[in-house]
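Structure assessment
What follows is each chain in one-letter form.
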Amino acid sequence: MSVLNSKIPEGPIQQKWDNHRFNMKLVNAANKRKYSVIVVGTGLAGSSAAASLAELGYNVISMCYHESPRRAHSIAAQGGINAPKNYKNDGDSIWRLFYDTVKGGDYRAREANVYRLAQVSGNIIDQCVAQGVPFGREYGGLLGNRSFGGAQVSRTFYARGQTGQQLLLGAYSALSRQIKTGNVKFYGRREMLDLIMIDGQARGVIARNLETGALEPYVADAVILATGGYGNVFYLATLAKYSNGTAIWKAHKKGAFFGNPCFTQIHPTCIPLSSDFQSKLTLMSESLRNDGRIWVPKKQGDKRNPKDIPENERDYYLERMYPSFGNLVPRDVASRRAKEMCDKGFGVGSTGLAVYLDFADTIKRNGKSWVEEKYGNLFDMYHEITAENAYETPMRIYPAVHYTMGGLWVDYNLMTTIPGLYTIGEANFSDHGANRLGASALMQGLADGYFVIPYTIGDYLASTKFAQVKSDHTAFKESEKNINETIKRLLSIKGKQTVDELHKKLGKVMYDYCGMARNEAGLKKALEMIPQLREEFYKDVMVPGSADSFNPELEKAIRAADYFEIAELMVTDALHREESCGGHLREEHQTEDGEAKRNDEKFSYVAAWEYKGNGMKWDLHKEPLAFENVKQATRSYK
């Protein structure tokens, strides 16, 4: 085991980033055109990074598995993006955002990265306003703010319930401009299937053309992965079905350490599962918790129409248990309490796996038109999916897998343990610790892409000597051979079960034993079941079609093969971390009132796992977490 070097700059935390930028080497403006960078993924992090690097003069190759960058899953983020502008004059500041984020992550995030995130977040809003992002505004013209979970101030900027979509359109417009200039070469319908390393450096990728099936080599001086999270390992999640962990997993198998893989966020505000045939779950924005009140009947098994249940027979349990934060407790807390209420028999709906999110008081106080103006598209979406009118009847919500705080380990510069390989946005582990606060995903993605990676990658390029590499290098040929063998193996199995059937089995194991709550016995059972399921996959999966054509079933099979391996590492990490923190609740480690109980003495570190080969156990490396600016304390939202 080694202790990882996070390369955190010296000095006071308020000055680290500014001093670091000054001390980094620069690439001369005329020399930037000599370097090329591959950016995999075109969500907020990927689009903003590709556009920013191209604007500086670098040659950028941008690719994604959609036909357009506008299809990236970032569009699904609804509620908003954080920045400490303090427009409400309610006491917000860079320091308070930094503190809330460290505390919200249950003291398992790196302080220096979190402070930098808070520091640059205000610039994001200015950048996006300049791009024309239509943020909501107050009557006087100032940008509007609303509250989100884990904070007692209003710092979340929003565009009704479609903030992610509007922010992505801004980044997409910047990217499109650079595609037009020729500084960005965009390749759609490509999926990265391997990272190419030459002389110990990341020098390219192999991508599969999803329309023709051809394997295509791409050469560069550095590679940036901006491919999002791996939450679809659970099969049922709020992620788009295309979202997957293949790119970062291939990099992991080439030597990039994986940080905190077990830290998974369960979002409390999702539309409940209604059928065994569902392939995904739908998120209702956390912003709804601003004005909606969460409750269950006080009587177990009460199936009356919620409008017929009088006020004195309702339990507004979050307001009762957490009077300081009420319905705006962090996501991990709200999710566990909802599950607890349903497990005790207070759940509502036909399955009993739901709680109410009620806007009746807000409508009575402010009027229906006020709610429509702020949340109308969310109410429309709920109606389209459930055929219920949430203006008249409370929404039913239940927690669902939403975000992975874990990801490839990166240092302060966002570089992985592989020289020249950077990972940004949700694909890395760096900013959220054990639990992400709402409206921070968009903040991190754009901060990494617009304001961090353009500086740090320049330092690497200016400090590194590069041998001339072409796409006919043996490393590319060897990778193509291995990928073709994998594809041939999957197509030759000709079993009886579809990819989805086997993936669903894996998802159930993960949700049952490594989901909202984990315990030693269940995790050990999962470590027995996952290899068995993987063996069943390679013996009985049915992948129709051929490799040399459009074949979505083959795409799913390649991704699912990685999920079986990712799942095993997630469970391994969850078993080793004998504490509870944020979204990682070990049932053996709870306070008397069911809150997470950390073990700072033994586990105040980032767990970074090194891949050792097929059939081998991972090696654990540790990055100690030092809290010099925020005192570690038991998280309390009461």
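One structure accompanies this document, and this report is about it. Remember, it's a predicted structure, so these values are computed and weren't measured experimentally.

Cut-off values and rules
Residues numbered from 1 in each chain as written. Predicted model: local features only at pLDDT ≥ 70, side-chain atom pairs only at ≥ 80, totals over all residues. Heavy atoms only, no water. 1 Å grid on protein atoms, 1.4 Å probe; cavity = no way out; pocket = protein on both sides within 12 Å on 5 of 7 lines; lining within 4 Å. Points joined across faces, edges and corners; volume = space filled by probe spheres on them. Helix = DSSP H or I, 4+ residues; strand = E, 2+ residues; numbered from the N terminus. Nonpolar A, V, L, I, M, F, W, Y, C, P; charged D, E, K, R; others polar. Buried < 20%, exposed > 50% of the residue type's maximum accessible area, 1.4 Å probe, protein only. Expected span 1.5 Å × (residues − 1). Contact = heavy atoms within 4.5 Å. Salt bridge = Lys/Arg side-chain N within 4 Å of Asp/Glu carboxyl O. Pairing = 2+ DSSP bridges. Axes fitted to C-alpha atoms, helices over the stretch in contact; angles between N-to-C directions. Parallel < 35°, antiparallel > 145°, perpendicular 65-115°, else oblique. Phe/Tyr/Trp six-rings, centres within 6.5 Å; stacked < 30°, edge-to-face > 60°. Lys NZ or Arg CZ within 6 Å of the ring centre and 35° of its normal. Right-handed = clockwise from strand over helix to strand, strands pointing away.

1. Comments concerning the layout of surface pockets
In this structure, the second largest pocket spans a volume of roughly 890 Å³. Along its surface, the second largest pocket is lined by 29 residues, and Lys250, Lys253, Glu565, Tyr611 and Asn614 are the ones closest to its centre. Taken together, the elements giving at least two residues each to the lining of the second largest pocket come down to β7 (190–198), α6 (246–253), α12 (474–493), α14 (520–540) and α15 (552–576). Counting residues per element, the lining of the second largest pocket draws most heavily on α12, at nine residues. Considered class by class, the residues forming the lining of the second largest pocket number 12 nonpolar, six polar and 11 charged.

2. Comments concerning unusual backbone geometry
Trans peptide bonds make up the majority, and among non-glycine residues the majority have a negative phi. In the Ramachandran plot, Asp106 falls in the positive-phi region, its phi being about 55° despite a non-glycine side chain. Despite not being glycine, Lys494 shows a phi value in the positive range, around 55°. In this fold, Lys494 is placed in the loop between α12 and α13 (499–514). On the accessibility criterion, Lys494 (66% relative accessible area) is exposed.

3. Concerning helix α8 (residues 331–343)
Counting along an α-helix, one turn takes 3.6 residues, and residues three or four places apart therefore face a common direction. The end-to-end C-alpha distance of α8 is 18 Å, a good match for the 18 Å that 13 residues give at a rise of 1.5 Å each. Summarising burial for α8: 10 of the 13 residues are buried, a large majority. For α8, the complete set of buried residues consists of Arg331, Asp332, Val333, Ala334, Ser335, Arg336, Arg337, Ala338, Met341 and Cys342. Elements that come into contact with the buried residues of α8 comprise β12 (264–270), β13 (293–297), β14 (314–315), α7 (317–321), β15 (355–358) and β16 (395–404). Phi for Gly345, located one or two positions after α8, is positive at around 95°.

4. Some details on the pattern of salt bridges
Under the definition given, this model contains 50 salt bridges. Measuring nitrogen to oxygen at the nearest pair gives 3.2 Å for the salt bridge that ties Lys88 to Glu138. Of this pair, Lys88 sits in the loop between β3 (81–82) and α3 (94–104) while Glu138 sits in the loop between α4 (111–130) and β4 (146–147), and the two are 50 residues apart along the sequence. Here Arg293 makes a salt bridge to Glu319, at a shortest N to O gap of 2.8 Å. Placement of the pair is Arg293 in strand β13 and Glu319 in helix α7, with a sequence separation of 26 residues. By relative accessible area, Arg293 is classed as partly exposed at 22%. Where salt bridges share partners, they join Asp106, Arg108, Asp332, Arg336, Arg577, Glu579, Arg598, Asp600 and Arg635 into one cluster.

5. As for the sheet that holds strand β8 (residues 201–209)
Spatially, three strands are ordered β7-β8-β9 in an open sheet, and the strand pairing comes out antiparallel. Each having just a single partner strand, β7 and β9 (215–219) make up the two edges of the open sheet. For this sheet, the mean angle separating the axes of adjacent strands, direction not counted, is 25°. Where β8 meets β9, five bridges bridge the pair, whose relative direction is antiparallel. Bridge pairing in β9 links Gly204 to Val219. Docked against the sheet, α12 engages β7, β8 and β9, running at close to 140° with respect to β7.

6. Describing the pairing of β13
Across the five residues that make up β13, a large majority, four, are buried. Where β13 and β15 come together, three bridges link them in antiparallel fashion. By the bridge assignment for β15, Arg293 is matched with Asp358. With two bridges connecting them, β13 and β14 associate as antiparallel partners. The residue of β14 that forms the bridge with Pro297 is Arg314.

7. Remarks on the packing of helix α5 (residues 163–181) against helix α11 (residues 441–463)
Two quantities define a packed helix pair, namely the angle between the axes and the distance from one axis to the other. The interhelical angle for the contact between α5 and α11, taken along N-to-C directions, is 10°, at an axis separation of 11 Å. Between α5 and α11, the angle falls in the class roughly parallel. Residue-level inspection shows Thr163, Gly164, Leu167, Gly170 and Ala171 of α5 in contact with α11, the latter providing Leu442, Leu446 and Tyr450. In terms of residue class, the contact of α5 with α11 is built from five nonpolar, three polar and no charged.

8. Some thoughts on the packing of α13 against α14
Orientation of α13 relative to α14, taken along the N-to-C sense of each, is 175°, at an axis distance of 10 Å. As the angle between them shows, α13 and α14 are arranged roughly antiparallel. Side by side, α13 and α14 meet where Leu502, Lys505, Leu506, Val509, Met510, Tyr513 and Cys514 of the first sit next to Gly522, Leu523, Lys525, Ala526, Met529, Ile530, Leu533, Glu536 and Phe537 of the second. Tallied by class, the residues present in the contact of α13 with α14 amount to 12 nonpolar, one polar and three charged.

9. Points about the packing of aromatic side chains
Within a pair of aromatic rings, the relevant descriptors are the distance that separates the centres and the angle that separates the planes. With the rule as written, the count across this model stands at 27 aromatic pairs. Between Tyr87 and Phe157, the ring centres sit 5.7 Å apart and the planes meet at 80°, which makes this aromatic pair edge-to-face. Of the two residues, Tyr87 sits in the loop between β3 and α3 while Phe157 sits in strand β5 (residues 154–157), which places them 70 residues apart along the sequence. Tyr87 sits in the partly exposed class, given a relative accessible area of 32%. Judged by its relative accessible area of 0%, Phe157 is buried. Within the aromatic cluster, the residues linked to one another by ring pairs are Tyr35, Tyr422, Tyr460 and Phe466. Positioned above the aromatic ring of Tyr316 is the side chain of Arg293, whose terminal nitrogen or guanidinium carbon lies 3.8 Å from the ring centre.

10. Overview of the pairing of strand β2 (residues 59–63)
Judged by how many residues are buried, β2 sits mostly within the fold: four of five residues are covered. As a crossover connection, the stretch from strand β1 (residues 36–40) through helix α2 (residues 44–56) into β2 is right-handed. Where β2 meets strand β6 (residues 184–187), four bridges bridge the pair, whose relative direction is parallel. Within β6, the position partnered with Val60 by the bridge is Val184.

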